[in-house]
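Structural overview for review
Here is what each chain is made of, one letter per residue.
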Amino acid sequence: MASIWRYILAGLGLAALLIGIVAAVYVTLPQSAPGPDISRSKKTAGGLFVASFEPERGVVRQGELQSWLLTLKTAAGAPVEGAAITVSGGMPRHDHGLPTSPQATDYLGDGRYRIDGVKFTMSGWWQLRFAISAAAGSDSVVFNIVL
């Protein structure tokens with residue numbers, strides 16, 4: 001009878017030890033960093049504008065030249081007309097720029113601008129940065145795209 005209790009206590013001790021090891025490993029594992037903000041609408045860095053960004057055809061495509069629409073509104077919600085927009089970007093984790101030189105080519109009305117020449121050559125995290133100059137002032141916004 002006494003030997004059975006020894007086996008039971010040894011088994012419980014071993015189980016407690018294993019639980020402790022698993023808990024220690026779980027607590028010390030590096031926590032994954034949150035992914036980039038992939039929202040398609042946001043305030044610009046200085047708060048002058050609200051910018052929205054979407055693929056013109058509604059789908060993000062890898063390896064093809066495509067057009068995107070950048071919509072700019074004032075903080076009060078009025079369309080931003082006559083803005084000068086420059087585009088830059090790249091892959092932050094790969095430390096390289098865009099494979100093309102996207103440009104704002106058309107003003108479509110109601111604060112919407114067509115951005116032509118966008119191309120994502122590989123999957124991963126991309127950034128597109130817009131420098132915006134309009135009557136209200138100059139500001140910038142960064143959009144993250146994850147393929």
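Everything quoted here is computed from the prediction, not taken from an experiment.

A word on the sheet that holds strand 5 (residues 96–97)
Read across the open sheet, the four strands follow the order 5-4-8-9; overall the sheet is antiparallel. Taken across any chain shown, the strands that pair with only one partner, and hence form the sheet edges, are strand 5 and strand 9 (137–146). As judged from the two bridges shared by strand 4 (residues 84–91) and strand 5, these two strands associate in the antiparallel manner. Each bridged residue has a counterpart across the sheet, and for G90 the counterpart in strand 5 is G97.

Thoughts on the pairing of strand 4
Here strand 4 runs beside strand 8 (residues 125–134); their pairing, made up of seven bridges, is antiparallel. Within the sheet, the bridge partner assigned to T86 lies in strand 8 and is A131. Here strand 4 folds back onto strand 5, and the loop between the two strands holds four residues, one of which, D95, carries a positive phi near 60°.

Quick look at the side chain of T71
Structurally, T71 is set in strand 3 (residues 66–74). Residue classification places T71 among the buried positions, given a relative accessible area of 14%. Residues in contact with T71, not counting those within four places in the same chain, are V50, A51, S52, D110, G111 and R112.

Notes on a nonpolar patch on the surface
Residues I4, W5 and I8 make up a contiguous nonpolar surface patch of about 310 Å² in total accessible area. With respect to the helices, strands and loops of the structure, W5 is situated in helix 1 (residues 2–28). Its relative accessible area of 48% is what places W5 among the partly exposed residues.

A closer look at the nonpolar core
Membership of the largest hydrophobic core comes to 24 residues, with the highest contact counts inside it found for F53, L70, L72, L128 and F130. Elements represented by at least two residues in this core include exactly strand 2 (49–55), strand 3, strand 4, strand 7 (112–118), strand 8 and strand 9. With five residues, strand 8 is the single largest residue contributor to this core. The contact partners of L128, leaving out residues within four places of it in the chain, are F53, V87, S88, G89, L98, V118, F120, V141, V142, F143 and I145.

Here is what the cut-offs are and how they apply
Residues numbered from 1 in each chain as written. Predicted model: local features only at pLDDT ≥ 70, side-chain atom pairs only at ≥ 80, totals over all residues. Heavy atoms only, no water. Pairing = 2+ DSSP bridges. Helix = DSSP H or I, 4+ residues; strand = E, 2+ residues; numbered from the N terminus. Buried < 20%, exposed > 50% of the residue type's maximum accessible area, 1.4 Å probe, protein only. Contact = heavy atoms within 4.5 Å. Patch = residues over 30% accessible without salt bridge, like charges linked within 9 Å, V, L, I, M, F, W, Y side chains within 5 Å. Areas by Shrake-Rupley, 256 points an atom, 1.4 Å probe, with all protein chains shown as cover. Salt bridge = Lys/Arg side-chain N within 4 Å of Asp/Glu carboxyl O. Core = buried A, V, L, I, M, F, W, Y, C linked by side-chain atoms within 4.5 Å.

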